[in-house]
Structure formats: structure tokens, C-alpha cells
Amino acid sequence: MPTPTTTGFTRRDFLATGAKLGAAFIAAPYLARAASIGSGTDSLNIGLIGCGEEGRVLMNAALKIPNIRFRAVCDIWPYNRRYGERLLEKFGHDPKPFEDYREMLSAVPDLDAVIVATPDFVHAEHTNTSLKAGKHVYCEKLMSNTVEGARSMVRTARETGRLLQIGHQRRSNPRYIYARDRIVHGNRLLGRVTNAIAQWNRAVTEDLGFPAKQAIPEDVLQRYGYANMHEFRNWRWFKRYSGGVISDLGAHQIDVFNWMLGSNPTSVIAGGGRDYYPNHEWYDNVFVIYEYPTAEQVVRASYHVLTTTSAGGGYNEYFMGDEGALKMSENPKYTKLYREDRAPDWGEWVKQGLVVRPDSGEGALPPVKPWEKPLSHPPMMSKSVSSVVDVRETAELSAWDMPVTLDKAIHQPHLENFFDAIRGKAALNCPGETALASAATILRVNEAVAARKMLSFVPEDFTA
Amino acid sequence: MSEPTPSSPAASRCEYTWAFLILRLFLGLRTFFEGVEKFEKGGTYSFKNYYENMGRMAQGITGASFLPLWATRNYAHTLGYLLLVLGAALLLGVKTRVTLILTGLLYVSLSFGLMAVQENEGVAWLGVYIGLFAGALALVRHNRFVLWRDRFE
């Protein structure tokens, strides 16, 4: 009969094993993400130009995508560059750091694609050079601070045969795709779309600073086109680097006008000014009205961006039809679908799962208390009659939800679409040609504000 | 200027009779359908639904108050049948005076449950019904059209 043996598991062994298990437990998330970097045929080598705010957002989104290997990071500010390098190293990447993007392109020849997340005024330069070096390019919006710059990017992509995706990420967001393809166009729940309103209201923000010891020398800044460190950090507010708030915030939402309405505008009238921030060049508030020709009628779309208040419902794009309305936002809490009282019953759409009754918030039934029986049918008199104060008011809209959520970072699906397009598995959701039309639509606003009159578009404005 | 003509005692009795009958029918219907509703779930009616609904109610009240589950469960399992029987008795006119007292007390017991979970809106609504039961008891001597009279009638 075998005798039981002692294991010889000493206290030292116990402590050593425990320490190893603890270290493995702490490192598990990083190891899991590092393991997904991969090196197969599907693996893509990526270089990042610009490790600032937007570059970090894109890095964090891309790190969640399998088979992506960051091989190089580039930024003229060592402070940003080191941040990007360290973040990527933490997740198992081994990026080479560069100050000059041209050096990066020549020193790391096996890059498949380049992500451009630099200020708008250098988008065209960075994108065109990368495309000419044979790289596919994902460039942040706004495509360029000039229409000519944007047009040159389209032409270069065409000439080189490389892919160019612009970062209007709402075009890859499954919630927006569902709203456009199934709600607005496919099943026409809004009926005839007559108007659109969008806004981005944001509270006062302080200018960005920088640690004094980390300042870039003046000669280096000037070599790369910046007047000084303050303008380098706050380039969005200065005319030589960007198109101002209308291109910074408005770009996303005005692009959604073009996409959702399926056309480009014929005219724009706008007003705005630099009324609050004395040390900025660009307007801090802008109000715009576009006219969009659609198959059914001219749709007037108004947009405003305010940088001194977050009142008024944050940021959303609101499409209004004669049978319903859709309020979209990247933030689901600002998103809602509305049914006009005169519209056909939506019971069939509920049965088909196209729309759902809200579980909570606007349009939801009052919460059922633990001791109450849930209602099988909504109560007959659920609408508030006390809010009707005038006979000229029409019936209150009922609020509904869409059964689609996005459980990823908002930029991730757009990057996934870009990488899938490189692999030949998808078409780009926002190719350069499409983004050029949006850039032309957006940048004309600043001209309209300056001209203080309505400006017209011709079809050639939107093409390269 | 003419003196107001007092209504005749017979006419007055008729008005009280109708006033009470309307009140009795309302309270009877309300109580009866309150009982019926306890058997409904998802648009269908069954004893299975009844015990599910009542089980949820008992759990909910116990979870939000000091009342023990054995007490709330026994109460809940009896409640629906009591509402049906008392509601039907009011509608048909079976021992109306006694029925009004019992139904009024049942509504007081419901109020007690809602007071225990601090459901003030529900308590206020039940208070309205209890006021109606009190009014009905004040008028019960005018009860007519009954199946089984009270002893005093």
C-alpha cells in the first residue's frame, strides 16, 4: 500500500508561489491585450503622428483591437511622445519614437498605415507624404483647415491607390448606422424629413497650459510652424492652425447632416463672433442655417456651437419629420426617438424589434414599486394634459428608444472599419471624397460669418 | 318673495335611495374588479397568475417594511378572494351594512400596508375610498334593491 508522501511545500515556497500568482493576476489585463497584438498575416503595423489629446483617444481605442501593432510614434513635443511610447509599451508594443514624421516614414519602412492626429493645418502635409510613402492613412477630422488642403489629400489618395479614412467616427457608430439605415431611410419612421437642428453647447474651458520645464524651444516650434508654446497647446483657437469651433466641434455634426440627409447643401448663412475669450482668434459662438435639397423638399438645417454654456441639452443632432423625430447623440442619454400623434401606430415596429418602449427616463412608464403588479398595457391617460396651455398647441410626441447600443469606445468602430478596409474585408465608411464634401460644407461657415450674408455652394465645391 | 317649498318626505327618501344605490354600485364594482385584477398577468387570468402577483406583493411589502413575510403572504393570498366576495356582495345587496363595514375595514388594512412602506400617495387614494365607505354607512338605511336584507331594514 503506497504511503502518503510529504509535499515539501515550505513557507518560502508558499510566499514565492503567492508572489508569482499575485503578479500574474495584476498583469493579466495587460498580458491579455498584449497577446492580441498578433503577428499573423492579418497583423497591421501602425505609426502614429501626434500623441496629444486626440492621439491618445485613438491609441486607447486601437489598443482594444486585435492584430494591431504600433511600430512608431511621432510628436514634436517630447512630453507627448514619451506618454505615447510608455502607454504603448505597457500594452506590449515596441514603438520607436520620432520627432519628425518624415524620419519615421523612412526609418520604419514596414508600416502598413499611419494615423494622423495632429493639428488641422498639417493634416494635408502629413497625410499626403504618408500616402506617397505607400501608407494607408487614417486622418482625424477636420480633414484640413482649408478646402484646397482637403482636396489635395483626396487627389493624393487617388493617385497612390492608398486608402484614406477621415475620423468622422459617427459614420461607423452602430447606433448612427441603425438610425440612418433602418429608422430614417429604410422604414421612414420620421415620414418626410423637413428640418434638422444640431448643437454643441459646452461650458467655459480654460486654455491649456504646459509644465514650464517641458516647453519646446522657440526655434523648434517655429520650424514646425507654431508661433509659440501657447498657440501650440491651444491651436484650435487660432486661425493659422484650424477652422475654429465650427470645424473642431461642428465638423462631426454638420458631417452627420450631409450623411443623414444624403445630400450636400446649396447655401449657408451664419453669424458668430469672438465675444467672450479676448485672447482667442476664432469665434466662441456660431449660429448657422443650411439649405439641403432632398428628394422630397428643401430641408433647412440649423446648427449652433456655444463654448460658454453647457445649458440647452449638451450636444445632439435632431432630425424632424412630419411623422416623427430623431434626436441623436454620441452620448446615449441625449438620444431619443419621437412619434408624432398623427403617425401610423408603431406597435408593429415594436413587434419587429425596430423600436422599443423606453425602460427608464423620458417616455418610460413610472417605475413599478416592488409590491405593485407591473402593468400589461400602458395606462390610457398617461399623457400629461396639464402641459397644454394653448389650443394652438399640437399633441405631445411620444418618446421611444432604439434597441442598439455601442459597448466600445466611440472611435473604435471607425478604426476597425479602417483596418478591415486595409485587409480587404470592408469598404471605408468615411473615405476622403466624402469627408471633402463635409469639409467644404463646414469651412464655408467661417466665410459666411465674415461676409455677413448667405453664400451659395456649387457641386464643384464638394469634389476634387 | 315666495317661501322655498320643502320637498316631500317621499321624494326625499327616493333621492337618498338613489344616492346610496349609486354609491353601493360604485364601491361594489371597484372592489370586485380590484379582486379580478389580481388574477391578471400579461393579459391572461389564472390562479397561477394570482399566486405570482400576490407573492410579489408580499415580498415587496416585507422587503420595504417591518412586516414579516408569513403575515404579508397570508394576507396577500386571502386578499383577492375577499375583494371578489365583498365586491359581489355589495353589487347584489347581500347583508349590505355588514359588507360595507367589512370592506371598509379591508381598505383600512390595505392602508396599513401602504403606511408601513411609506407609500403616501396610495394611502391618500385609499383614504378617499374609506371616506366613501363611511358615507355609504351613513346612508345604508336607504338601501333598496337587495338580495338579502340586513336585520334592521
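Rules behind the numbers
- Residues numbered from 1 in each chain as written.
- Chains lettered and ligands numbered in written order.
- Predicted model: local features only at pLDDT ≥ 70, side-chain atom pairs only at ≥ 80, totals over all residues.
- Contact = placed C-beta atoms within 7 Å.
- Helix = DSSP H or I, 4+ residues; strand = E, 2+ residues; numbered from the N terminus.
- Nonpolar A, V, L, I, M, F, W, Y, C, P; charged D, E, K, R; others polar.
- Buried ≥ 20, exposed ≤ 12 C-beta atoms within 10 Å, placed from the backbone.
- Arc of directions from axis to C-beta.
- Pairing = 2+ DSSP bridges.
- Axes fitted to C-alpha atoms, helices over the stretch in contact; angles between N-to-C directions.
- Domains from an automatic or database assignment.

A. Region of the structure containing the interface of chain B and chain A. With 13 residues of chain B at the interface, the matching set in chain A holds five residues. The element that contributes the greatest number of residues to the side of chain B that touches chain A is helix H2 (residues 47-63) of chain B, accounting for seven residues. Split into classes, the residues belonging to the side of chain B that touches chain A amount to four nonpolar, six polar and three charged.

B. The arrangement of helix H2 (residues 53-62) of chain A in detail. Residue and element names in this part refer to chain A. Along H2, the residues that are buried comprise Gly 55, Leu 58, Met 59 and Ala 62. Axial view of H2: buried residues confined to an arc of 105 degrees, hence all on one face. Turning to H2, the residues buried within the fold contact strand E1 (44-49), strand E2 (68-74), helix H3 (78-90), strand E4 (113-116) and helix H13 (412-422).

C. A look at the sheet that holds strand E9 (residues 285-293) of chain A. Residues and elements named next belong to chain A. One open sheet holds the nine strands; their spatial order is E14-E13-E12-E11-E7-E10-E9-E8-E15, and the pairing between them is mixed. In the strand order of this sheet, the two ends are held by strand E14 (398-400) and strand E15 (455-456), each with one partner. The sheet contact formed by strand E13 (residues 336-339) and E14 spans three bridges and is antiparallel. Opposite Leu 337, over in E14, you have Trp 400 as the bridge partner. On the sheet, helix H7 (residues 174-186) packs against strand E7 (193-201), strand E11 (315-321), strand E12 (324-328) and E13 and is oriented at approximately 170 degrees with respect to E12.

D. Region of interest: the domain arrangement of chain A. Residue and element names in this part refer to chain A. Each domain of chain A was delimited in the assignment, giving domain 1 (14-167) and domain 2 (171-364 + 394-407 + 429-462). Between the C-alpha centres of domain 1 and domain 2 there is a distance of 27 Å. Taken together, the elements giving at least two residues each to the side of domain 1 that touches domain 2 come down to helix H6 (147-160) and strand E6 (164-166). Each residue belonging to the side of domain 1 that touches domain 2 can be placed in one class, and the counts come to 15 nonpolar, three polar and three charged.

E. Structural view of unusual backbone geometry. Here the amide bond leading from Lys 141 of chain A into Leu 142 of chain A is cis, since omega sits at -15 degrees, within 30 degrees of zero. Examined against the element boundaries, Leu 142 of chain A turns out to sit in the loop between strand E5 (136-139) and H6. The phi torsion at Lys 95 of chain B lies on the positive side, around 45 degrees, for a residue other than glycine. Here Lys 95 of chain B lies in the loop between helix H3 (69-92) and helix H4 (96-116).

F. Structural view of the environment of Glu 54 of chain A. Residues and elements named next belong to chain A. Position of Glu 54 among the secondary structure elements: in helix H2. A residue is classified by how many C-beta atoms lie within 10 Å of it, and Glu 54, with 18 of them, is partly exposed. C-alpha of Glu 54 to C-alpha of Met 153: the two residues are 99 residues apart in sequence and 20 Å apart in space. The residues touching Glu 54, leaving out its near neighbours within four places in the chain, are Ala 117 and Glu 140.

G. View of the sheet that holds E6 of chain A. All names here are of chain A. Pairing is parallel in the open sheet, where six strands are placed in the order E3-E2-E1-E4-E5-E6. In this open sheet, the two edge strands, each paired with only one partner strand, are strand E3 (96-98) and E6. Between one strand and the next, the sheet's axes are offset by a mean angle of 20 degrees, whatever the strand orientation. The pairing of E1 with E4 spans four bridges and is parallel. Bridging across to E4, Ile 46 finds its partner in Ala 113. Of the strands in this sheet, E1, E4, E5 and E6 touch helix H5 (residues 123-132), which is tilted by about 165 degrees from E5.

H. The pairing of E4 of chain A, seen in detail. All names here are of chain A. What you see with E4 is no split at all: Ala 113 and Ile 115 on one side and Val 114 and Val 116 on the other are buried throughout. Where E4 meets E5, four bridges bridge the pair, whose relative direction is parallel. The residue of E5 that forms the bridge with Ile 115 is Tyr 138.

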